[in-house]
Amino acid sequence: MKKTVFEGSGVAIVTPFTKDGVNYEKLGELLEFHVANQTDAVIICGTTGESSTMPDAEHVAVIRYAVEKIAGRMPVIAGTGSNDTAHGVELSKMAQDAGADALLMVTPYYNKATQKGLIQHYTRQANAVDIPCILYNVPSRTGTNIKPETMLALADVENIVGIKEASGDIVQAARIMALCGDRFDLYSGNDDMVVPLLSLGGKGVISVVANVAPRQTHDMVASYLAGDTKKALALQLEMLELVDALFCEVNPIPVKAALNLMGFEVGGYRLPLCEMEEANLAKLKGAMERYGLLK
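Okay, so let's go over this structure.

The rules behind these values
- Residues numbered from 1 in each chain as written.
- Predicted model: local features only at pLDDT ≥ 70, side-chain atom pairs only at ≥ 80, totals over all residues.
- Heavy atoms only, no water.
- Pairing = 2+ DSSP bridges.
- Helix = DSSP H or I, 4+ residues; strand = E, 2+ residues; numbered from the N terminus.
- Axes fitted to C-alpha atoms, helices over the stretch in contact; angles between N-to-C directions.
- Contact = heavy atoms within 4.5 Å.
- Phe/Tyr/Trp six-rings, centres within 6.5 Å; stacked < 30°, edge-to-face > 60°.
- Buried < 20%, exposed > 50% of the residue type's maximum accessible area, 1.4 Å probe, protein only.
- Lys NZ or Arg CZ within 6 Å of the ring centre and 35° of its normal.
- Salt bridge = Lys/Arg side-chain N within 4 Å of Asp/Glu carboxyl O.
- Polar contact = N/O pair within 3.5 Å; in protein donor to acceptor, adjacent residues only side chain to side chain.
- Patch = residues over 30% accessible without salt bridge, like charges linked within 9 Å, V, L, I, M, F, W, Y side chains within 5 Å.
- Areas by Shrake-Rupley, 256 points an atom, 1.4 Å probe, with all protein chains shown as cover.
- Core = buried A, V, L, I, M, F, W, Y, C linked by side-chain atoms within 4.5 Å.

**Things to note about the sheet that holds strand β3 (residues 76-79)**
Stage number 1. The parallel closed barrel is built from 8 strands, whose spatial order is β1-β2-β3-β4-β5-β6-β7-β8. If you compare each strand with its neighbour and ignore which way they point, the axes differ by 25 degrees on average.
Stage number 2. For strand β1 (residues 8-12) and strand β2 (residues 41-44), the ladder comprises 3 bridges, and the chain directions are parallel. Paired with Gly10 across the bridge in β2 is Ala41.
Stage number 3. Taken strand by strand, helix α4 (residues 115-127) contacts β4 (102-106), β5 (133-137) and β6 (160-165), and its axis lies near 160 degrees from that of β4.

In structure tokens, the structure reads:
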């Protein structure tokens, strides 16, 4: 059995921006917010963090800041995915040097690797570092799906320890677990499917909704893992409207808008992301009010 990086709720945290760069003061506030609300891991510079718009020097600086700010209070998992294997290798090395506890690697996007190419890509990237690597499967955004049989092949790589499964296909998640068993940790990449994936043996979630509802997301997973499946299910169902609103436009547009509505002042977006449509913003506000996030 491989080492588990974390159990529970890992937040795919947003990156607060100013007009000129990263708002480190606000990022620090967000990190402390998650420590106080029992978030179990932080995923820094992932796709929710708009990593694709961040130059390497900035990307690594943000990882280093998060590592220093968290100071061992929870695992810091750094996003180092790329559609260029050589770039992913270098970014992974830099993240390891910056002190990341583990890495999250999204599938190559746009050039759409074959399953054979995925095995070579991930093997080379994982072999370049000594820290645990979690794969990220989100075909709706990348156009590439990691098949369960490919996951089984990648389970032979010593430091590939898990997958963030965001295909939205519960049958695929079940097949991954049937093939890989305890050779791989499964994390839900969909906030509306956390409890179903936990029922298949998942270890937790890498979550967007945890940005705005960290304690509830932690409690949902912790309750399930402690055997209180009824409470976990109630928490899952209660947040469905909020989850739907947080994905009514491309992530992380709504979640950054939600944080700003809550007073966190995380700033805007880097193009091509832009402000929400008014109708969708109204939908988001309504869902947040009914969930208790806004007065």
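**Quick look at the packing of aromatic side chains**
Stage number 1. Following the criterion strictly, the structure yields 3 aromatic pairs and no others.
Stage number 2. With a centroid separation of 4.6 Å and an interplanar angle of 15 degrees, the aromatic rings of Phe6 and Tyr187 are classed as stacked. Note that Phe6 is positioned in the segment before β1 and Tyr187 in strand β7 (residues 185-188), a separation of 181 residues in sequence.
Stage number 3. Here the aromatic rings of Phe33 and Phe264 are separated by 4.8 Å at their centres, their planes lie at 55 degrees, and the arrangement is tilted. In this pair, Phe33 sits in helix α1 (residues 24-36) while Phe264 sits in the loop between α12 (253-261) and α13 (278-291), placing the two residues 231 residues apart along the sequence. By the burial criterion, Phe33 is buried, and Phe264 matches it.
Stage number 4. Over the ring of Tyr136 we find Lys164; its NZ or CZ atom is 3.9 Å from the centre of that ring.

**Concerning the pattern of salt bridges**
Stage number 1. Applying the stated criterion across every chain, the model contains 12 salt bridges.
Stage number 2. For Lys26, the salt bridge goes to Glu29, with nearest N and O atoms at 3.4 Å. Of this pair, Lys26 and Glu29 both sit in helix α1, separated by 3 residues, roughly a single helical turn.
Stage number 3. Notably, a salt bridge pairs Asp244 with Lys283, separated by 3.1 Å at the nearest N-O pair. Residue Asp244 is located in helix α11 (residues 240-246), and its partner Lys283 is located in helix α13; the two are separated by 39 residues in the primary sequence.
Stage number 4. By relative accessible area, Asp244 is classed as partly exposed at 45%.

**Some points on the side chain of Ser51**
Stage number 1. In this structure, Ser51 sits in the loop between β2 and α2 (56-70).
Stage number 2. Assessed through its relative accessible area of 18%, Ser51 is described here as buried.
Stage number 3. Separated by 3.2 Å, the side chain of Ser51 and the backbone oxygen of Gly46 make a polar contact.
Stage number 4. Setting aside chain neighbours within four positions, we find Ser51 in contact with Cys45, Gly46 and His59.

**Some thoughts on a nonpolar patch on the surface**
Stage number 1. A cluster of nonpolar residues, Leu233, Leu237 and Leu240, forms a patch on the protein surface that exposes about 250 Å² of accessible area.
Stage number 2. Mapped onto the secondary structure, Leu233 falls in helix α10 (residues 229-238).

**A closer look at the nonpolar core**
Stage number 1. Within the largest apolar cluster, 86 residues are counted, with the highest numbers of intra-cluster contacts made by Ile44, Ile63, Leu103, Leu135, Ile160, Val212 and Leu284.
Stage number 2. Tallying contributions element by element places α2 first for this core, with 6 residues.
Stage number 3. Ignoring anything within four residues of it in the chain, the contact list for Leu135 reads Leu104, Met105, Tyr122, Ile146, Met151, Leu154, Ile160, Gly162, Ile163, Lys164 and Phe184.
Stage number 4. Core analysis: the second largest hydrophobic core is formed by 16 residues, Ala41, Ile134, Tyr136 and Tyr187 among them.

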